[in-house]
Amino acid sequence: MIVRHLEDIVNSDRDVRAENGNWESRRLILNNDAVGFSLHDTIIHAGTETLLWYKHHIEAVYCIEGEGEVETTENGEIHPIKAGSVYLLNGNERHWLRAKTTMRMVCVFNPPVTGSETHDADGAYRPGAEVL
Ligand code: 9YT
């Protein structure tokens with residue numbers, strides 16, 4: 001069994017901040033835990049708009065605080081998001097994430113994030129070493 005607390009993650013190398021300052025991702029479970037997914041507690045800062053496109057990952061995002069919206073770029077569909085909303089990017093959809101207030105999201109990635117990925121010019125995480 002692995003037991004961790006968010007306090008152990010904050011300000012460690014598992015606490016990753018976006019280069020553009022839009023979000024901070026506290027990675028509770030990563031690829032090297034070898035369980036087939038990663039689990040992140042992510043803060044999306046108020047007033048930000050981020051274009052994301054996980055071409056190599058499925059991501060489930062469960063909002064537990066704040067409000068905003070997600071827009072799929074393919075068809076311009078906008079879904080309001082508030083505490084209790086979940087969205088599942090089961091089709092590698094390219095999307096905008098907009099935070100009206102500070103949002104706290106619990107995110108699950110499959111395959112798991114290794115921890116070293118950064119968003120590329122498309123807003124994707126490159127595939128982790130495990131799927132190269
Ligand atoms: C919701 C979302 O995709 N935010 C970007 C960061 C990502 N979830 C992460 O690495 O935790």
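Everything below is about the structure printed above this text.
Residues numbered from 1 in each chain as written. Predicted model: local features only at pLDDT ≥ 70, side-chain atom pairs only at ≥ 80, totals over all residues. Heavy atoms only, no water.

## Topic: the packing of aromatic side chains
The description of an aromatic ring pair uses the distance of the two centres, along with the angle that the planes make with each other. Heads up, the rule is: Between the rings of Phe, Tyr and Trp (Trp by its six-membered ring), a pair exists once the centres lie within 6.5 Å; its type follows the angle of the planes, with under 30 degrees stacked, over 60 edge-to-face, and the other angles tilted. Counting from the N terminus, the helices are the DSSP runs of H or I reaching at least four residues and the strands are the DSSP runs of E reaching at least two. For the exposure calls, accessible area comes from a 1.4 Å probe over protein chains only, and a residue counts as buried if that area is under 20% of its type's maximum, exposed if over 50%, partly exposed in between. Both a distance and an angle decide whether a charge sits over a ring: NZ of Lys or CZ of Arg must be within 6 Å of the ring centre and within 35 degrees of the ring normal.
Under the defined criterion, the tally for this structure stands at one aromatic pair. Taken together, a centroid distance of 5.0 Å and an interplanar angle of 90° make the contact between tyrosine 54 and phenylalanine 109 edge-to-face. Here the residue tyrosine 54 occupies a position in the loop between strand 4 (49–53) and strand 5 (58–65), and phenylalanine 109 occupies one in strand 10 (residues 103–110), the gap between them amounting to 55 residues. Residue phenylalanine 109 is classed as buried on the basis of its relative accessible area, which comes to 2%. Seen from the ring of tryptophan 53, lysine 55 lies directly overhead, with NZ or CZ sitting 4.4 Å from the centre. The residue whose ring lies beneath arginine 94 is tryptophan 53, and the NZ or CZ to ring-centre distance is 5.7 Å.

## A look at a nonpolar patch on the surface
The criterion, for reference: Like-charged residues are merged into a patch within 9 Å and nonpolar side chains (Val, Leu, Ile, Met, Phe, Trp, Tyr) within 5 Å, provided each residue has over 30% relative accessible area and no salt bridge. Only the protein chains shown count as cover for residues, and all accessible areas are computed by the Shrake-Rupley method using a 1.4 Å probe. For salt bridges, the criterion is a side-chain nitrogen of Lys or Arg within 4 Å of an Asp or Glu carboxyl oxygen.
On the surface, Val35, Phe37 and Val108 cluster together to form a nonpolar patch covering roughly 210 Å² of accessible area. Summarising the element assignment, valine 35 is placed in the loop between strand 2 (23–29) and strand 3 (38–44). For valine 35, a relative accessible area of 45% corresponds to the partly exposed category.

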